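Examining the three-dimensional arrangement
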Amino acid sequence: TPVPPFDLVIFGAGGDLALRKLFPALAQRNREGVLPGESRVLAVVRKEEDVEGLPKQIAQRLHEDGIPKDQIEPFLRRLTMVLLDAVKPETYKALKTALGDSDRVRSFYLSTPPDLFIPICENLAGADILTPTSRVILEKPLGRDLASARQINDAVARILPESRTYRIDHYLGKETVQNLLVLRFANTLFERSWSSRDIDHVQITVAETVGLEQRAGYYDKAGHMRDMVQNHLMQLLTLFAIEPPNMLEAGAVRDEKIKVLKALRPIVGPDVQRYTVRGQYGPGQIDGQRVRGYAEELGHGSNTETFVAIRCELDSWRWAGVPIYLRTGKRMAQRYSEIVVTFKPVPHSIFGNGTCDRLDANRLFIRLQPNDGVQLQLMMKVPGSGRLKIVPRQLDLRYSTAFDERTPDAYERLLTDVIRGDQTLFMHRDEVEQAWAWVDPIIAGWQDYTPHPHRYAAGSWGPSQAIGLIERDARSWADPD
Ligand code: BG6
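For clarity, every value in this text was computed on a predicted model and none was experimentally measured. (Residues numbered from 1 in each chain as written. Predicted model: local features only at pLDDT ≥ 70, side-chain atom pairs only at ≥ 80, totals over all residues. Heavy atoms only, no water.)

**Overview of the pairing of strand β4 (residues 105-110)**
Summarising burial for β4: six of the six residues are buried, a large majority. A two-sided burial pattern is seen for β4, the buried positions comprising Val105, Ser107 and Tyr109 on one face and Arg106, Phe108 and Leu110 on the other. For strand β1 (residues 6-11) and β4, the ladder comprises six bridges, and the chain directions are parallel. Note that in β4 the partner of Phe11 across the bridge is Leu110. Where β4 and strand β5 (residues 135-138) come together, four bridges link them in parallel fashion. Within β5, the residue paired with Ser107 across the bridge is Arg135. (Buried < 20%, exposed > 50% of the residue type's maximum accessible area, 1.4 Å probe, protein only. Helix = DSSP H or I, 4+ residues; strand = E, 2+ residues; numbered from the N terminus. Pairing = 2+ DSSP bridges.)

**Observations concerning a nonpolar patch on the surface**
A surface patch of nonpolar side chains, about 280 Å² in accessible area, is lined by Ile350, Phe351 and Leu388. Considering the arrangement of structural elements, one finds Leu388 in the loop between β15 (373-381) and β16 (390-398). (Patch = residues over 30% accessible without salt bridge, like charges linked within 9 Å, V, L, I, M, F, W, Y side chains within 5 Å. Areas by Shrake-Rupley, 256 points an atom, 1.4 Å probe, with all protein chains shown as cover. Salt bridge = Lys/Arg side-chain N within 4 Å of Asp/Glu carboxyl O.)

**Some points on the UniProt feature "binding site: substrate" (unreviewed entry) in the chain**
Sequence positions flagged by UniProt for "binding site: substrate" (unreviewed entry) are, in local numbering, His170, Lys174, Glu208, Asp227 and Lys330. Here Lys174 lies in the loop between β6 (165-167) and α7 (175-185). The residues touching Lys174, leaving out its near neighbours within four places in the chain, are Gln369 and Ala410. Not counting residues within four places of it along the chain, the set of residues in contact with Lys330 comprises Glu208, Val210, Gly211, Arg215, Tyr219, His224, Asp227, Tyr281, Thr306 and Tyr456. (UniProt positions renumbered as here; feature names shortened; annotations may be inferred. Contact = heavy atoms within 4.5 Å.)

**Considerations on the site of the ligand**
Lining the immediate surroundings of the ligand are Lys140, His170, Tyr171, Lys174, Glu208, Arg215, Asp227, Met228, His232, Lys330, Arg335 and Gln369. Between an oxygen atom of the ligand and a side-chain N or O atom of Arg215, the distance comes to 2.7 Å. At 2.7 Å from an oxygen atom of the ligand is found a side-chain nitrogen or oxygen belonging to Lys330. In isolation the ligand offers 400 Å² of accessible surface; the protein chains occlude 85% of this area. Along the lines of polarity and charge, the residues of the shell around the ligand split into two nonpolar, three polar and seven charged. (Near = heavy atom within 4 Å. Polar contact = N/O pair within 3.5 Å; in protein donor to acceptor, adjacent residues only side chain to side chain. Nonpolar A, V, L, I, M, F, W, Y, C, P; charged D, E, K, R; others polar.)

Following this line, the structure appears as structure tokens:
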């Protein structure tokens, strides 16, 4: 569907996210003819050399992403470079002039550290650049704790209403994450079983093989809890567990998500040691390559965690007594993100000894990446007229084979949603604050109880304590084959 004509201003245009994700997503949309002719992308940079240098870098990146040359040029023609220092109000004149007095929808993507959110919004307002339809997009993490998140939300709210504030979490733009709602609410089969009555436990894993990349400054201050758990993991958990919203509409979906976040049982004080594990990778091997440990990559020692595992529970009618195990880390064995739902075993086996070792519980695997899709593990009879033999087998539905359509990158969807004015896949301030309210006591507890993260070898599935966390409950992580 085409979007209305727009001017999209990207602050932090020279940064890693803009180059790796935002420009490629827009170029892809442009290639598909979704962007109206007169729309523009205004790239805000602070260094003079970027005014000439950045378009070349963008072109190079698009080329590497496989966008044909004759598609790169038309996208670059939409680009306007703006030299501006986000904290210097006097430099905003350049942006005002570049925007002119067009009535196109103005969106401002703040792809910057969160401490710049307030000055940028204030300076945009001060320079009289915001129009009655302007939107602001705030990249995660929003602040570094509840207090700073509130401060940002309050300051932004003085300038723009909630209905024009888009807090992005790109996991919500992933096809498989959106499919969670479809899977549950368009299939009678699952929703009927989606509760403590039939579900034994849930695992959510987001494992990466990358390490620090070029982000040491940010990551070592933030740590994995703020970088991944407070947003991506908690959003996955929330969408997994929500009650059916009345309709697929921003207000209805967000209301239900907030209820889930409020139902998360707090983990405080000594419970932090019992229900959470924090780790940091040491040297190891990934795909046959030796990789350095976190401290070596960083160039000095650090107590920042690069891995987190948590056993949590929701205090709600639907989910009482169902443990949800979260696990996420850098430099793990494989890039692998999956939600695994383990159903309760059948109450009584009618099959005699020798037909199978045991009747495995049904398991639903919702794979986010790679090989996105859904698998359902069922117990099946092995064909043959001899003794009855029963084994687990998978119903396997992969996106790549089930659909001809290309799976768009999350940012492609989210950027056009902003321009269309659809907030369904963005976070309300209450969600973000509620998530911080749950995360803050865990981070505080770590200072008291586990100030030093447990070591794990790069290329492994995390510290042994994370295995202990689930095995203590006589369960185990469902690692990919
Ligand atoms: C980002 C985090 O939000 O998500 C990164 O800041 C992480 O540390 C990335 O690597 C993972 O995203 P994806 O889409 O590759 O799973």
